[in-house]
Amino acid sequence: MNDMRLTERAVGTQTTKITARAVQVFYGDNHAIKDVDVDIADKTVTAFIGPSGCGKSTFLRCINRMNDTISVARVEGDILIDGEDIYDKRVDPVQLRAKVGMVFQKPNPFPKSIYDNVAYGPRIHGLARDKADLDEIVERSLRRAALWDEAKDRLGEPGTGLSGGQQQRLCIARAVATSPEVLLMDEPCSALDPIATAQVEELIDELRQNYSVVIVTHSMQQAARVSQRTAFFHLGNLVEYGETGKIFTSPEDPRTESYISGRIG
Amino acid sequence: MTDATAPIGAGQGSLIQQDSRTAKRNAAEKRFKMYGLAAVCVGIAMLIMLVTSILSNGVSAFFQTTIQIMVELPEEKLDKSGVRDPEVMAKVTTFGYAPLLRDGLQKTLEDNGIETELSAKDAADLISDESVAQLRRYVLANPELIGQTIPVEVLASGRIDGFYKGRVTYESAELDSNVSPEQLDLAEALKGADLLKTGFNWRFFTAPDASVTRPEAAGLGVAIIGSFYMMLIVLCLALPIGVAASIYLEEFAPQNRFTDLIEVNISNLAAVPSIVFGILGLAIFINFAGLPQSAPIVGGLVLTLMTLPTIIIATRASLKSVPPSIRDAALGLGASKMQAVFHHVLPLAMPGILTGTIIGLAQALGETAPLLLIGMVAFVREYPAGPPEGLFDPATALPVQIFNFTQRSDPAFVERASGAIIVLLLFLLIMNLTAIFLRRRFERRW
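Note that the coordinates shown come from a computational prediction; the quantities given were computed from them, not determined experimentally. Residue positions are given per chain, counting from 1 as you read along its sequence in written order. Chains carry letters and ligands carry numbers; both start at the beginning, A for chains and 1 for ligands, and go up in the order they are written. Selection of residues for local features in this predicted model requires a pLDDT of at least 70, selection of side-chain atom pairs for listing and counting requires 80 or more, and totals for whole chains, interfaces and linings are taken over all residues. Each side-chain value is derived from all of the structure's non-hydrogen atoms; neither hydrogens nor water enter the calculation.

### Describing the sheet that holds strand S6 (residues 100-103) of chain A
All names here are of chain A.
For step 1, the next point in the chain: Taking strand neighbours across the sheet as the criterion, the six strands line up as S6-S7-S8-S3-S9-S10 in an open arrangement whose pairing is mixed. Unpaired on one side and paired on the other, S6 and strand S10 (237-243) mark the two borders of the sheet. The sheet shows a mean angle of 15 degrees between the axes of neighbouring strands, direction not considered.
For step 2, the next point in the chain: A pair of strands is treated as paired once DSSP finds two or more bridges between them. Where helices and strands are cited, they refer to DSSP runs of H or I of at least four residues and of E of at least two residues respectively, numbered from the N terminus. Alignment of strand S3 (residues 45-49) against strand S9 (residues 229-234), held across four bridges, turns out to be parallel. The partner of Phe48 across the bridge, within S9, is Ala231.
For step 3, the next point in the chain: Set on the sheet, helix H2 (residues 56-63) makes contact with S3, S6, strand S7 (182-186), strand S8 (212-216) and S9; between it and S7 the angle comes to about 155 degrees. Orientation is described by axes fitted as lines to C-alpha atoms, over the contacting stretch for helices, and by angles from 0 to 180 degrees between their N-to-C directions. Working rule for contacts: check all heavy atoms of both residues, and any pair within 4.5 Å makes them a contact.

### Side note on the domain arrangement of chain B
All names here are of chain B.
For step 1, the next point in the chain: The domain architecture assigned to chain B consists of domain 1 (62-201) and domain 2 (221-442).
For step 2, the next point in the chain: Across the contact, nine residues belong to domain 1 and nine residues belong to domain 2.
For step 3, the next point in the chain: Both sides of the domain 1 and domain 2 interface together cover about 610 Å² of buried area, and 41% of this is carbon and sulfur.
For step 4, the next point in the chain: On the domain 1 side of the contact with domain 2, Phe62, Arg159 and Arg167 bury the most area, a combined 64% of that side's loss.
For step 5, the next point in the chain: Any Lys or Arg side-chain nitrogen found within 4 Å of a carboxyl oxygen on Asp or Glu counts as a salt bridge. Viewed at the interface, domain 2 and domain 1 are joined by four salt bridges. Annotation comment: domain bounds sourced from an automatic or database domain assignment. A simple way to read buried area is as the amount of 1.4 Å-probe accessible surface that goes missing from two parts once joined, with both sides added.

### Thoughts on a negative patch on the surface
Residue and element names in this part refer to chain B.
For step 1, the next point in the chain: Patches here are clusters of residues that have more than 30% relative accessible area and form no salt bridge, with a 9 Å joining cutoff for like charges and a 5 Å cutoff for nonpolar side chains (Val, Leu, Ile, Met, Phe, Trp, Tyr). Accessible surface is estimated by sampling points in the Shrake-Rupley manner with a 1.4 Å probe; for residues, cover comes only from the protein chains shown. Counted charges follow a simple rule, with Lys and Arg positive, Asp and Glu negative, and His plus the chain ends left uncounted. Charge coordinates come from a single atom per side chain, which is NZ of Lys, CZ of Arg, CG of Asp or CD of Glu. Judged by side-chain charge, Glu117, Asp122, Asp125, Asp129, Glu171, Glu174, Glu182, Asp185 and Glu188 come together as a negatively charged surface patch.
For step 2, the next point in the chain: Every element with two or more residues in the negative patch is listed here: helix H8 (170-175) and helix H9 (181-192).
For step 3, the next point in the chain: The element contributing the most residues to the negative patch is H9, with three residues.
For step 4, the next point in the chain: Here Glu117 lies in the loop between helix H4 (94-111) and helix H5 (120-124).

### Considerations on the pattern of salt bridges
It is possible for side chains bearing opposite charge to pair when their charged atoms get close.
For step 1, the next point in the chain: Inspection of the entire model under this criterion finds 33 salt bridges over all chains.
For step 2, the next point in the chain: Where Arg65 of chain A meets Asp68 of chain A, a salt bridge forms, and the shortest distance between an N and an O atom there is 3.0 Å.
For step 3, the next point in the chain: By relative accessible area, which is 11% here, Arg65 of chain A ends up buried.
For step 4, the next point in the chain: Each residue gets one of three labels from its accessible area relative to the maximum for its type: buried under 20%, exposed over 50%, partly exposed in between, using a 1.4 Å probe on protein chains only. Overall, Asp68 of chain A belongs to the partly exposed group, its relative accessible area being 36%.
For step 5, the next point in the chain: Between Glu250 of chain B and Arg316 of chain B there is a salt bridge, with its nearest N and O atoms 2.9 Å apart. You can see Glu250 of chain B sitting in helix H11 (residues 221-252) and its partner Arg316 of chain B sitting in helix H14 (residues 296-320), a full 66 residues away along the chain.

Next comes the structure, spelled out in structure tokens:
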């Protein structure tokens, strides 16, 4: 991982993948996200931290328009991916979600076989020409999620029969199987033990080579370990956003400092 | 907390001795268990009473006494023309056939050396009136038999049948104008000659209803066909409509006042007395749409209306019970809402949907009140045709047939009604077992 440090340094000059401007989210009368501006770089891990209920997950779900499924949620402002406004009327959220994959807090494999779990995305998007093609996608995705060695002999078994950590890696494999450009992770390790967490973190670091990864986490250590840039949310505001090292060593905002040092949150 | 006087708390004192609160709590728990057990026992006792009463009354309906006699079919009486054309032969009514059976019985008695003081007419009263019509139908269907003497198995009359089921005794026969002790003697003599037998009553399942004076001939054939047709209609209409409505309401519909209103109304509809649906069916399907009375199509439509709320409520409940994380997972992968529902949510909700549907069907199968209002209580002897035309032919339904049997005075109909109840309960049992089987099967997948 020689290039890791390189990217870390080059982060400022890298192409911006996601641009958010003046984003507001309302749940009914509740103003959940207030005026958030953020630029997320390509091929970088960006961590969102903050106390519970600060809106970091809400903001994450705006990026692939999962908030559309909540009828009372209303999003204002602009979110651009590669310069295209994803809230444009012409954008089909289904197409968007193929481009912006998501891994959820609780491992949620389909109650189907491991193979079918991974193959589902490619199947509905018609990514495989034939069975051999699909087999290859499944293998590649499982390898990328570091699950191939454990799962290759039991592809026909139900995904729900795996352990928690394996299930979460299966969900990651399922998300990368559709070859998205952005991968959103909503507290992917909160239900995992330290060993599984380490495996998933390692995985996130590898995924950075191909994807722009945005991860929401409650663990500041995790943010420090896996991300290059960190955004601190508090009460719906984006308080501070910058390089991870800087946020954790010399935060500018007093709120960030008190959160990191454990005084609030 | 560092007080010298030890505080009296729940955690203080010996563990070996139960304190008074614990003893009281345990006693309350024990009492509650006893109440529960008592309730279960009462329930079981009621069930046993119900089943024994129905079985003791109804099992005999599955057996029927018949008499074997030799009947001569003379050509000069049945087909003077000699062309054996059923249309010409049909001119001879049952009045022409009645003497044949009477003579046949006399001849059979003579052949077997049975003597009786009864007149030929009184002896012939052992035979069901229905048998004459049966013989006529049989001869019209097989004209080549004319001129021969054939063995015929005829139904014994209701009282004779009842004698062998313990319903009629010599004492009751003394007081009964429909049967005399001498006739019972004759029946015993026939039984001695092995001509009178009591066997399994297949006709009970196949024969149509019979008139009030012929309980021995009454069967459930038309009722079973009518009920089957109605179940077919209910299944074909209520399942797709109910499931589609539930999926729309649960997964696609916006949450607003209008959908709230629909929801409340569906819940209310499930509680509407079934007879109201009967009146609705009468007004809409028969009076307004002009569909025929007594037809399974109308019954099926009414029962569909009645079953829909049940199916919708069950389906929505099972859709709701599918964890939202599954929907999120599918949507997050870029599946459309419909794909998410049909690929993931619906298969998981299937056991619940099937159970709800079958429970709805079972409810519809046992429903009587709305059918009374749309004319299915009619006396129907003609079998309806095969589907789809048969759906418009008059028919009855099992629960209505039971209702009909219980309206009649002849005690033999008590047995028939109980027998029909057993048949209905068997169908319901089979349906519920199917529901359990399907649920297990779909659940076992994961």
